[in-house]
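Examination of the molecular architecture
Spelled out, the chains give:
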Amino acid sequence: MKEHLGIGMTSQRTRDRLIVHLQELGIKDQRVLSMMRKIPRHLFVAEALASRAYENSSLPIGHGQTISQPYMVARMTELLIEDGIPENVLEVGTGSGYQSSVLASLIPRVFSVERIRPLQEQAKKVLSDVGFRNINFKHSDGGWGWNACGPYDGILAAAAPAEIPVKLLEQLTVGAKLIIPVGEEGHQVLQRVTRTELAYEVETIEPVSFVPFLKGRV
Ligand code: SAH
């Protein structure tokens, strides 16, 4: 019996192998690695894909969207918390809720915006089943941010706009970081923007491939 339940493609051993792989790819933050070692990513994808949940790949979650690649989730989180754990974070693009769970396991308060209602509903359910109580959800176009709950010590976007939405910049506290993929399909780069007293400092991190940042909500 145990063979079937505990030692399959979704077992702790399989998850541990993913963590080793992430380290080989350059992820260094032990806080991120230790949380990703615990979080059951297979619960965030359809059952038919559960056996592939601990591969380092993005996978379809319906509605033309994907659960982000584990490396990208780890890298973005690492970039966000490098100088300290933010008090609150705004996530744009809840999707499956997997990135939300990694954020919520490290950061006291997470605010997550998604424009596709059924994805948001599914993510809410899984995150509640897994036991997260520190995530607030909003069905909205994240291009507006979520002003009522901000400003934020960090913002992370999982979809790529052609240009960074001004509202997101405005909702950063001084010292806060925005982690966001920017650019048209095939030409995207990951950027980290740090708000200072007088300006926004932009670092370009690496080439990436994300779904587009779309307007409106459905
Ligand atoms: N981190 C998520 C990534 C999902 S893919 C995960 O690992 O599952 C990116 C998500 O961003 C999609 O669900 C898409 O619907 C959403 N998205 C795209 N543009 C958006 C916008 N303007 N506002 C809110 N969500 C958006």
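Keep in mind the model is a prediction, meaning the values are calculated, not measured.

Right, let's get into the confidence of the model for the protein. Confidence in the prediction of the protein, expressed as mean pLDDT, is 95, and 97% of residues score 70 or more. For residues 1–6, every residue scores under 50 in pLDDT, and the model assigns this stretch 3 contacts once sequence neighbours within four places are set aside.

Taken in spatial order, the 7 strands line up as E5-E4-E3-E6-E7-E8-E9 in an open sheet, and their pairing is mixed. Bordering the open sheet on either side are strand E5 (135–139) and strand E9 (200–208), each of which pairs with just one other strand. Shown here is a sheet whose adjacent strand axes are inclined to one another by a mean of 15 degrees, direction ignored. Pairing geometry for strand E4 (residues 109–114) and E5, over 5 bridges, is parallel. Paired with valine 113 across the bridge in E5 is lysine 138. Against the sheet, helix H6 (residues 117–130) engages E4 and E5, with an angle of about 165 degrees to E5.

Okay, the nonpolar core next. Core analysis: the largest hydrophobic core is formed by 45 residues, its most contacted members being Leu22, Met36, Leu80, Tyr98 and Ile107. For this core, the secondary-structure elements that each account for two or more residues are helix H2 (12–24), helix H3 (30–38), strand E1 (59–62), helix H4 (70–81), helix H5 (98–104) and H6. When residues of this core are assigned to their parent elements, the largest contribution, 8 residues, is made by H4. If you look at the next biggest cluster of nonpolar residues, it comprises 19 residues, including Ala159, Leu172, Ile180 and Val182.

So, how was this worked out
- Residues numbered from 1 in each chain as written.
- Predicted model: local features only at pLDDT ≥ 70, side-chain atom pairs only at ≥ 80, totals over all residues.
- Heavy atoms only, no water.
- pLDDT = per-residue confidence, 0-100.
- Contact = heavy atoms within 4.5 Å.
- Pairing = 2+ DSSP bridges.
- Helix = DSSP H or I, 4+ residues; strand = E, 2+ residues; numbered from the N terminus.
- Axes fitted to C-alpha atoms, helices over the stretch in contact; angles between N-to-C directions.
- Core = buried A, V, L, I, M, F, W, Y, C linked by side-chain atoms within 4.5 Å.
- Buried < 20%, exposed > 50% of the residue type's maximum accessible area, 1.4 Å probe, protein only.

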